[in-house]
Amino acid sequence: MTDRKINLPFATGSRKVPPLMLSFILLALLAPALPIKCQNLHQQKLNIIILAGQSNMAGRGGVANDTSTGIPTWDGVVPPQCQPNPSIFRLSADLAWVKAREPIHADIDARKINGIGPGMSFANAVLNKDHNFGLVGLVPCAIGGTTISEWQKGEFLYEQLVKRAQMALQSGGVFRAMLWYQGETDTINQEDVELYKGRLKRFFNDLRSDLHAPMLPIFQVALASGEGPYIEEVREGQLKIGLPNVKCVDAKGLPVEPDGLHLNTPGQVKLGEMLADAFLRFIPRPLRSNDAPTNFSSFVPYFLIMVQIFRCLWIIITFR
């Protein structure tokens, strides 16, 4: 059996590879395995923030009835705290990541007129205070006028929330929190009030189970207003929820629109900043569903590096 000769453009008659050329080979082979920082959405892990609840989460800041037509309109004013940011994205109604801009819920709560909500001021505040946080992926799911019973497992809103959150995760994200603001509609009926706390607990537990994130941090907003006479009773259920990794941010006293129900733009900006402060102060327990993919993805590049090193050593030994 004769040795097979391999012709290489850098090989000499003695088949020795110059040391400098070996360095280039090593770099070329290692390059694909080395992690590269890039602002491209598809190359960085998104910090997923779910936005859910009813109208005050969807955002009605700056929305008022037109005096001439009586039709609600948004004034179009976007404060500095809610301006677009190249590091903030949102999951659109057709499940595509797009650059986030107000109104965040325009294509989600599509049957209503949307304005400023807490989502953008929250995201901008987090990025301003933690420069290493990375990309934010907002997943808007809020629908105005909904009761807690409409968010129970098996109901349309619940299933849509789970579907959108899972899609966000599959596209390369990691769950960081859910911001939840709901309950105004449940202040009307006494029976709904009595069942509110139990339904809310069941919703949180079911959602964590279906997202495989048993300790998902949830930042719940305690009501600032309501549609009925049982505001304080619903607030009590929210403030005394008693679940781990559920933190309550109290909106009571924040300014509202002339309708007395919806937070106005300054109120929404302030709420977003309050949620950001609570989020950044909070140290959650480890999220098992999120730890596994992160650890595996961090292991893969180093495994590839070792493979490429052995390939380089084989080339060096073969062509000495």
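If you're wondering where the values come from, they're calculated on a predicted model, not measured in any experiment.

*Asks:* I tried to follow the sheet that holds strand 8 (residues 218-222) on my own but got confused; where do I start?
*Replies:* Within a sheet, each strand pairs with its neighbour through backbone hydrogen bonds, oriented either parallel or antiparallel. Pairing in this open sheet of seven strands is mixed, and the strands run 5-4-6-1-7-8-9 from one edge to the other. Every interior strand has two partners, whereas the edge strands, strand 5 (97-99) and strand 9 (246-250), have only one. Between one strand and the next, the sheet's axes are offset by a mean angle of 25 degrees, whatever the strand orientation. In terms of strand pairing, strand 4 (residues 88-91) meets strand 5 through three bridges, oriented antiparallel.

*Asks:* Would you explain the pattern of salt bridges in this entry?
*Replies:* Should the charged atoms of two oppositely charged side chains come close, the side chains can pair. What the rule picks out here adds up to nine salt bridges. Among the ionic pairs, E232 bridges to R235, the shortest N-O distance being 3.5 Å. A residue pair is termed a helical-turn pair when its members lie 3 or 4 positions apart in one helix, as E232 and R235 do in helix 6 (residues 231-239) at three residues. Judged by its relative accessible area of 6%, R235 falls in the buried class. A salt bridge links D250 to R235, with the shortest nitrogen-to-oxygen separation between them at 2.7 Å.

*Asks:* I keep staring at the environment of P80 and nothing clicks. Help me out?
*Replies:* Within the element layout of this structure, P80 appears in the loop between strand 3 (72-74) and strand 4. For P80, a relative accessible area of 67% translates into the label exposed. Sequence-wise, P80 and N124 are 44 residues apart; in three dimensions their C-alpha atoms are separated by 9.6 Å.

*Asks:* Teacher, can you tell me more about the packing of aromatic side chains here?
*Replies:* By convention here, two paired aromatic rings are described through the distance between centres and the angle between planes. This structure, assessed with the given rule, holds 10 aromatic pairs. With centroids separated by 5.9 Å and ring planes inclined at 80 degrees, the aromatic side chains of F133 and F279 adopt a geometry described as edge-to-face. Linking F133 in the loop between helix 3 (119-129) and strand 6 (136-140) with F279 in helix 7 (residues 265-281), this pair joins segments that are 146 residues apart in sequence. F133 gets classed as buried once you look at its relative accessible area, which sits at 9%. Put simply, the rings of F122, F133, F219, F279 and F282 touch in pairs and so form one group of aromatic residues.

How each quantity is defined
Residues numbered from 1 in each chain as written. Predicted model: local features only at pLDDT ≥ 70, side-chain atom pairs only at ≥ 80, totals over all residues. Heavy atoms only, no water. Pairing = 2+ DSSP bridges. Helix = DSSP H or I, 4+ residues; strand = E, 2+ residues; numbered from the N terminus. Axes fitted to C-alpha atoms, helices over the stretch in contact; angles between N-to-C directions. Salt bridge = Lys/Arg side-chain N within 4 Å of Asp/Glu carboxyl O. Buried < 20%, exposed > 50% of the residue type's maximum accessible area, 1.4 Å probe, protein only. Phe/Tyr/Trp six-rings, centres within 6.5 Å; stacked < 30°, edge-to-face > 60°.

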